[in-house]
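A closer look at the structure
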Amino acid sequence: MSIANLRLGIDIGEVGRDMYRFISEVFPICRSITGNGIRKTLNIIKNHIPLTVSEIPTGTQVFDWIVPKEWNIKEAYIKNSKHETIIDFRENNLHILSYSVPVKKKVSLRELKDHLFTLPEYPEWIPYRTSYYKENWGFCVSHNQFTNLMEDDYEVMIDSSLEDGYLTYGEYFIEGEKADEILISCHICHPSLCNDNLSGIALVVFLAKCLRRQPLKYSYRFLFIPGTIGAITWLCLNEPNVSKIKHGLVAACLGDSGEFTYKKSRQGNAEIDRAVMNALRNSENNYKIVDFTPFGYDERQYCSPGFNLPVGCLMRTPHGQYPQYHTSADNLNFVQSEHLGESFSLYLSILSILENNRKYLNQNPKCEPQLGKRGLYQAIGGQKHEKSRELAILWALNLSDGGNTLLDISDRSGLKFDLIKDVTDILDKQGLLKLCEK
Amino acid sequence: MSIANLRLGIDIGEVGRDMYRFISEVFPICRSITGNGIRKTLNIIKNHIPLTVSEIPTGTQVFDWIVPKEWNIKEAYIKNSKHETIIDFRENNLHILSYSVPVKKKVSLRELKDHLFTLPEYPEWIPYRTSYYKENWGFCVSHNQFTNLMEDDYEVMIDSSLEDGYLTYGEYFIEGEKADEILISCHICHPSLCNDNLSGIALVVFLAKCLRRQPLKYSYRFLFIPGTIGAITWLCLNEPNVSKIKHGLVAACLGDSGEFTYKKSRQGNAEIDRAVMNALRNSENNYKIVDFTPFGYDERQYCSPGFNLPVGCLMRTPHGQYPQYHTSADNLNFVQSEHLGESFSLYLSILSILENNRKYLNQNPKCEPQLGKRGLYQAIGGQKHEKSRELAILWALNLSDGGNTLLDISDRSGLKFDLIKDVTDILDKQGLLKLCEK
Amino acid sequence: MSIANLRLGIDIGEVGRDMYRFISEVFPICRSITGNGIRKTLNIIKNHIPLTVSEIPTGTQVFDWIVPKEWNIKEAYIKNSKHETIIDFRENNLHILSYSVPVKKKVSLRELKDHLFTLPEYPEWIPYRTSYYKENWGFCVSHNQFTNLMEDDYEVMIDSSLEDGYLTYGEYFIEGEKADEILISCHICHPSLCNDNLSGIALVVFLAKCLRRQPLKYSYRFLFIPGTIGAITWLCLNEPNVSKIKHGLVAACLGDSGEFTYKKSRQGNAEIDRAVMNALRNSENNYKIVDFTPFGYDERQYCSPGFNLPVGCLMRTPHGQYPQYHTSADNLNFVQSEHLGESFSLYLSILSILENNRKYLNQNPKCEPQLGKRGLYQAIGGQKHEKSRELAILWALNLSDGGNTLLDISDRSGLKFDLIKDVTDILDKQGLLKLCEK
C-alpha cells in the first residue's frame, strides 16, 4: 500500500490558526506535574481527539522514582501591612513556585525574600520556578516588584494542597496497518507558558487529529505527559511494549519565529534522524542539526541507555536559548499561528517520509531499461539538461539494488523524497521496480 | 614483472598534434548510432590499430532494448519558393535531425517550423538533435536562420533511409600478462562535434596505439561504440566475460581548455577511482572530482546495478557544462592539440599506476633496516631535512606490512606514485621488500 | 582502585626550575651515541632516580644493525701556521663532527674545507653534524669563521678514539598494579643541545621522579637511549616483553616557547593518541596534531611494522621546524623553565587520563535515576542552565552502557576528563555506576 503525501489537501494556514486558538484556550490553566490543571487540559484535548486518560496513584514505584503527591492550588497572594494585595496568583499563575506547600503567615521582608524568585536580567518578567521534590513555598515575581518591596510586615497566603492523589496523563493510539509504532510525545506540565510547551501540545493534538482521518502504514502513539516523571511513569508501565516504537519525536518549542533545531536521537543515525534531516534539507526553512545530549526534554528518558529508542527532539529555538524561556514573556504574543503552521507542516513531511520509505528491486538491473518506449523519456535527444523527473527515474533505477531505501536515494541524489516516491510508484506500476518485502 | 612508466619516451606534444590531425580527418563524416558514418570512421581508425568490427542485425534483442533500423542519409535541404537552397545538409551535417525519415514535400512556414530546432541563447549556432526511437523528420538551424524565415511555400527534401541493417561497433583487445582487463570506452555516434566526442575517440585510438608497443600486466579492451544502445549491445553480447573487467574509464570531452573532471564509479572507492585521484593530485592540472550520477555517458550502463563495474568517466569540462556542447560551435577551433596531449598524458599516468600498483612485505619489519650501509641514506647526519627519496624509502618500508598497496603508500605519504614505485623497485632488489602474490 | 589526579599537590613552577637546573648541569657534557658522555649523563640522572645502566658490546647484532665501536674524545683543535688555535673543541663540543676518527696533520685550506661544516643561513651559529657509520673526520664551524679562513697551512688535531667498547643506555622501571606498561622514551645522544634533547631527558627524569612517589595502576618503563641504534638495541634485547607496552610517548623538544605538537602513533587512533588529544583540548595551550610519519625520533622504531606499538611523540616545536634546531643556538637561552614546566604538566595530565580511564555500567539504565533525592541535582527547577557537574553526571549515566570509557564520555560531551572522573567516582559510591572489569 502506498500512503499519500500526508500534507495533501491540508490548509496549513488554517491549521496554524486552529493551533493558536487551542493555545489561547488552555493558556490560563495552572498546570503542574500533577493535579487538576492537567485534567482540565486533557479534557479540552478530548474535544479534538479521543484521549485515554490514566491516573497513577501517589506512591507508585516507577523505576528509581516514586509518583509524588498530587498538588493543587486555589489561591495565593502576598499582602502588605495595609492589606493591599501586592502579588496575586490570579493575575499570573507563574507567581507561585510550583508545588508550594500551604502557608498562611506574617513574615518580615527578610524572611519573605528567602522565598522570592526573580530574574534580574529581565526586571519586568516573572520567572517560572518549581520545587517538586523538596517541600518549600515561594513566589516568583518580577525583579522590579522585588526591588520595590519596603521594610514591612507581609502576609503570605498559599491555599494549596499536597496530598496523596494521582499523576495524570493522556494517550491516544491510532492503529495503522502495522504494529510498529511511531511515538510523538509532549510535556503538559507547564503553567501559562506558550512556546514551552503549549506549542508542542497543540502540534501533537492537531497532528493526531489530521492523521486519524488517513490510511496509515504505521501505528501512532501520542503521549501528553508531565515532563520527566511522566515519561518515566509511562515507560515503566509500558515497558513490554516499548520495543514496538520504531521512530519517535519529542515536540517542544514550536511556535516561536526561530529557525528549526533538530536534536538527534542517541543512536545518531536512526531512520528518524535521517528522515528529519531530509525533510529539513528539502524545506525552505533554515535549520540546525545538533547531536544528542542527555539533557533537554523527555528524549532524556526515551534515550536512556536501557531503552536507547530512536527518538529525537524537533524544536524551533531550543529551551534556554531564547530569553523568554521559562518566563512570563513566553506568552500569547511570543507564539504565532504562522510558525505553528510551519512546524505542523514539517512534522507531516517527516511522517510522510517514514510512511513511504521502502526499498525496491530493479527488475531490469543490467543496463538501463528503454524508458522512451514507455513514455518515460523525452523523444528528442541531444538537449543540454534532462528534466528532474527523468533524473529521478534514473536514480531510482540505478540505486534500487535491494540495499537502498527511497530515503537513501533521495539523500544521495539530492532530489526531493516526494519526487523519488512519485517516480518509484510509476516504475512499480510499469513493472520496472518491485517492492522488497521488509 | 615491473612495468615501466608508460609515459617514458613519449613525446606528448607530438601525440597531441597527431590526435588533432585524426580529429580533422574524421570531423566531416556524418555519424549516427548506426550507418555508414560509423563504418567510415572505424575504417580510418584501422589505419592506426587493428580493429575488430562487429555488425549486429536490426531487431536483435539486447536486454530491454532492440537494435534499431539502420539509418543512412545522402542529401537534405530546404528550398524556398524561388528554389533557393536556404538550408543544406552538405554545409553542416548537424542541420539534419539525426534519424530523420525520408521526406520530400512542400510545406507552409507554419508546418516547417514544427520540424525546426534552434538554440535561441546562441542565435548563430546550429544545435544537435536526435530522434532515434520515434520516427520524425526535422532540421536543426541557427536561430538567426529561423527568425529570418518569411511566409512562403518551402520544399523540404530528406534523402535518407531507415531500414533493416546493422548496428556497427569496433573493438580492439591487447592481451597482457593477466586475463584481468582494463576497459577504455568511447562513443562514436556523434556527427561533426569535436569535443563530444571526436576528442574521446582520438584519445582511445592513440592510447591503444601507444600501449600495444609496450609489455603490459593487464589486458586492455578498447571499445568504439554508439552511445547507450552500443554499450547495451556490447554488454549483452559479452555478458559472460564482463567480470574480467577490473578497472575502466569512459573517455569523452577531452580536447577543450577546461580543467579535468573525474566522475567516480558507482562503487565510489574502487581502485580506478583512487588511481585517477592520485594521478590528478600529482599532476599540475586543476581538477574536480564528482560523485557518480546515473546520467552522462556509457558509465550509465557499465554502472547499472546488475553490472556495477568499477568504471569512471574522465573528462575535461563535462557534457552540458560548456555552451558549445552539442552545437556547431563544438568544432575544430574548440579543441586544441595541447589539451588533447595533456589528456593523453593523464590517461597514461593513470594506467601506469594501475599497471604498477602492488603490495610488498617488509622483510625486515622490526625496526628500520640500516639504509646507510646499503648506500640508501646520507652519510652525514644531523641535517634539517631528509631528501624526498629517503622519505619515500622510509614510507615504503613502514607501510609495506602486506596491507598497503603502492597507491595506499603514495596517498598516505603525499609522495608521487612514481617515486614510491622507484624506491620499492630498489628495496625489492636489495631484498628489503618482497612482492606479495595477489 | 581510583588513581588520584597525578598533578595534585605538584608545584609545576618548581619542577620547571628543577628541570632547567638539571639541563644546565648536563649541558657541557659531550655526548654521542656511545662513550663516556652518556655514562656521565646517566650518572647525574642517578642522583634523581635509581637507574639500571646496560652496556652492550660493540659488534652485537641487533636486528639489521651492529652495535658500533665506542667513540670518545679528549681534545680537538685547528691551529693556523702561527700556532694560534682558531677552533677549539673545549669552547663548544659542537665543533667536532661526532664520531670523528683521530687525526693529527697539516692540511692546506683546500683540504681543510672538505672537512668543515657550516650553516650559511645563520653565519654565527655552529651546526651539529655526525658521521656515525662512515669513518670520517671534520669540524663544524660558524659560517663567519669559515669565510674568514685565509690561505694557510693548518694543523688539525683530533684526539679521539673509535674502538671496541659498549653502547650504554639507562632504564628505570616502576612496577604498578598491573603488568601492562607505559613506555616513556628519550634520546640521550646529543651533545650540548638544550631543546633537542636535554629538555626531553629532563622531562623523563622528573616525570619518573614524580611518579615513583604515587600509587599507579600501570607499570612504567623510562628509557634513556641513544637515538635509532639505542631504540633498535633495546627493542632487540627486550623483544619478548614488548607486547606489555600498552601506551607510549617519545619525549623531545619540550623546552622552547612554541605550541605543542603531537605526532600520532602509526595506529592513529590508539588510546594514547586519544588521551593526548583530550588533554591538549582541555589544556589552555595551543597545539597541533599531526599524523604519523616514518621519520622523526625513536617512534620510527617503536612504530615499525613488525612492532607497530601505540607510541606517539609529544613535542613543542618539532625537529627541523625551528632555526636553532641542531645548532649552537639551541642553548641554555633557548629553553626556559616555564615551558619545561608546562610540558611536564601536560605529560602528567595525559598519564592521569590513562591511569583513570575505565568503563562503568549504569546500574539504573532505564530512565534517569532520581538524582535530587541523592543530593546530586538542584532543588529548584525551571532555571535556564544546568551546572556543569550536573551535566557531567547526566553524560556519565547516559553513556555508561559498557561500551564507552571515561575518555569516550569526555570526548563526546566536551567536558573535561577530570570532571567526568570525579562524578563517576561519586556515582560509583552511590551505587549508580559499577566498574566494568577489563
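Quick notes on the rules
Residues numbered from 1 in each chain as written. Chains lettered and ligands numbered in written order. Predicted model: local features only at pLDDT ≥ 70, side-chain atom pairs only at ≥ 80, totals over all residues. Heavy atoms only, no water. Least-squares fit on C-alpha atoms with pLDDT ≥ 70 in both. Helix = DSSP H or I, 4+ residues; strand = E, 2+ residues; numbered from the N terminus. Buried < 20%, exposed > 50% of the residue type's maximum accessible area, 1.4 Å probe, protein only. Domains from an automatic or database assignment. Contact = heavy atoms within 4.5 Å. Buried area = accessible area lost by both parts, 1.4 Å probe. Salt bridge = Lys/Arg side-chain N within 4 Å of Asp/Glu carboxyl O. Polar contact = N/O pair within 3.5 Å; in protein donor to acceptor, adjacent residues only side chain to side chain. Phe/Tyr/Trp six-rings, centres within 6.5 Å; stacked < 30°, edge-to-face > 60°. Lys NZ or Arg CZ within 6 Å of the ring centre and 35° of its normal. Pairing = 2+ DSSP bridges. Axes fitted to C-alpha atoms, helices over the stretch in contact; angles between N-to-C directions. Nonpolar A, V, L, I, M, F, W, Y, C, P; charged D, E, K, R; others polar. pLDDT = per-residue confidence, 0-100. Expected span 1.5 Å × (residues − 1).

Another point: the relation of the copies chain C and chain A. Superposing chain C onto chain A takes a rotation of 120° plus a shift of 0.1 Å along the axis, which leaves an RMSD of 0.1 Å. Viewed as a symmetry operation, the transformation between the two copies matches a three-fold axis. No C-alpha of chain C approaches the rotation axis more nearly than that of Asn 269 of chain C, which lies at 13 Å.

Bringing unusual backbone geometry into the picture now. With an omega of 20°, the peptide bond running from Asp 196 of chain B to Asn 197 of chain B counts as cis. Here Asn 197 of chain B lies in helix α5 (residues 194-211). Positive phi values are uncommon outside glycine, yet Tyr 99 of chain B reaches one of about 75°. Overall, Tyr 99 of chain B belongs to the buried group, its relative accessible area being 2%. Positive phi values are uncommon outside glycine, yet Thr 228 of chain C reaches one of about 60°. Looking at the element boundaries, Thr 228 of chain C is found in the loop between β12 (219-225) and α6 (229-237). Using a relative accessible area of 26% as the deciding quantity, one classes Thr 228 of chain C as partly exposed.

Moving on, we come to the domain arrangement of chain A. Residues and elements named next belong to chain A. Looking at the assigned domains, one finds that chain A contains domain 1 (3-67 + 166-356), domain 2 (70-163) and domain 3 (359-435). Between the C-alpha centres of domain 1 and domain 3 there is a distance of 35 Å. The interface of domain 1 with domain 3 comprises 12 residues on the first partner and 10 residues on the second. Taken together, both faces of the contact between domain 1 and domain 3 bury some 910 Å²; the carbon and sulfur share is 44%. Of all residues in domain 1, Arg 274, Asn 282 and Asn 356 give up the largest surface area on contact with domain 3, accounting jointly for 50% of the area buried on that side. Connecting domain 1 to domain 3 are 4 salt bridges. Between Asp 411 and Arg 274 there is a salt bridge, and its shortest N-O distance comes to 2.8 Å. Where domain 1 touches domain 3, the interface holds 7 residue pairs in polar contact (both at pLDDT 80 or more).

Attention shifts here to the packing of aromatic side chains. Remark: the centre distance and the inter-plane angle together describe each pair of aromatic rings, the angle taken between the planes. Within this structure, the stated rule accounts for 38 aromatic pairs over all chains. Centroid distance Tyr 220 of chain B to Phe 222 of chain B: 6.1 Å. Interplanar angle 15°. Geometry classified as stacked. Like Phe 222 of chain B, Tyr 220 of chain B is buried. Grouping aromatic residues by their ring pairs yields a cluster made of Trp 65, Trp 71, Tyr 99, Tyr 132 and Tyr 133 of chain A. A cation over a ring is seen here: Arg 316 of chain B above Phe 260 of chain B, with NZ or CZ 4.4 Å from the ring centre.

Time to look at the sheet that holds strand β1 (residues 52-57) of chain B. Residues and elements named next belong to chain B. A sheet is described by the order of its strands in space; here 8 strands give the open sequence β1-β10-β12-β11-β13-β16-β14-β15, paired in mixed fashion. If you trace the sheet from one side to the other, it starts and ends with β1 and β15 (287-290), each paired once. For this sheet, the mean angle separating the axes of adjacent strands, direction not counted, is 20°. When β1 meets strand β10 (residues 166-174), the two strands line up antiparallel, connected through 6 bridges. What sits directly across from Ser 54, in β10, is Tyr 169.

Contacts between chain C and chain A engage 27 residues on the former and 33 residues on the latter. Summed over both partners, the interface of chain C with chain A comes to about 2500 Å²; 52% of that surface belongs to carbon and sulfur atoms. Of the charged contacts, one joins Asp 64 of chain A and Lys 373 of chain C as a salt bridge, the two residues approaching to 3.6 Å between their closest N and O atoms. Where chain C meets chain A, there are 15 residue pairs in polar contact (both at pLDDT 80 or more). Residues of the side of chain C that touches chain A, tallied by class, amount to 11 nonpolar, 8 polar and 8 charged.

Residue and element names in this part refer to chain A. Here 8 strands make up an open sheet; going across it, the order is β1-β10-β12-β11-β13-β16-β14-β15 and the pairing mixed. Looking at the sheet topology across the chains shown, the edges are occupied by β1 (52-57) and β15 (287-290). Between one strand axis and the next, the sheet turns through 20° on average, direction left out of account. Two elements, strand β11 (residues 181-187) and strand β12 (residues 219-225), share 7 bridges in a ladder whose sense is parallel. Across the sheet, residue Glu 181 finds its bridge partner in β12, namely Ser 219. Sitting on the sheet, helix α6 (residues 229-237) is in contact with β1, β10 (166-174), β12 and β13 (245-251), with an inclination near 65° to β10.

Let us now look at the interface of chain B and chain A. Taken residue by residue, the interface counts 32 residues in chain B and 27 residues in chain A. When residues of chain B are sorted by the area they lose upon contact with chain A, Asp 64, Arg 266 and Pro 294 of chain B head the list and together hold 24% of the total. For the interface between chain B and chain A, the tally reads 5 salt bridges. For Arg 266 of chain B, the salt bridge goes to Asp 401 of chain A, with nearest N and O atoms at 3.0 Å. Applying the counting criterion to the chain B and chain A interface returns 15 residue pairs in polar contact (both at pLDDT 80 or more). Among the secondary structure elements, those contributing two or more residues to the side of chain B that touches chain A are α6 (229-237) and α8 (299-302) of chain B.

Looking now at the confidence of the model for chain A. Here chain A averages 96 in pLDDT, and 99% of its residues register 70 or above. Interface confidence for the predicted complex, given as ipTM, is 0.95, next to a pTM of 0.94.

Quick look at helix α9 (residues 337-356) of chain B now. For α9 of chain B, built from 20 residues, the straight-helix expectation of 28 Å at 1.5 Å per residue is met to within 8% by its first-to-last C-alpha distance of 28 Å. Burial within α9 of chain B is extensive, with 17 of its 20 residues counted as buried.

Let's shift gears to the environment of Gly 306 of chain B. Tracing the backbone through its elements, the reader meets Gly 306 of chain B in the loop between α8 and β16 (311-315). Look at Gly 306 of chain B and you get partly exposed, because its relative accessible area is 31%. Sequence-distant contacts of Gly 306 of chain B, defined by excluding residues within four places in its chain, comprise Pro 365 and Lys 366 of chain A.

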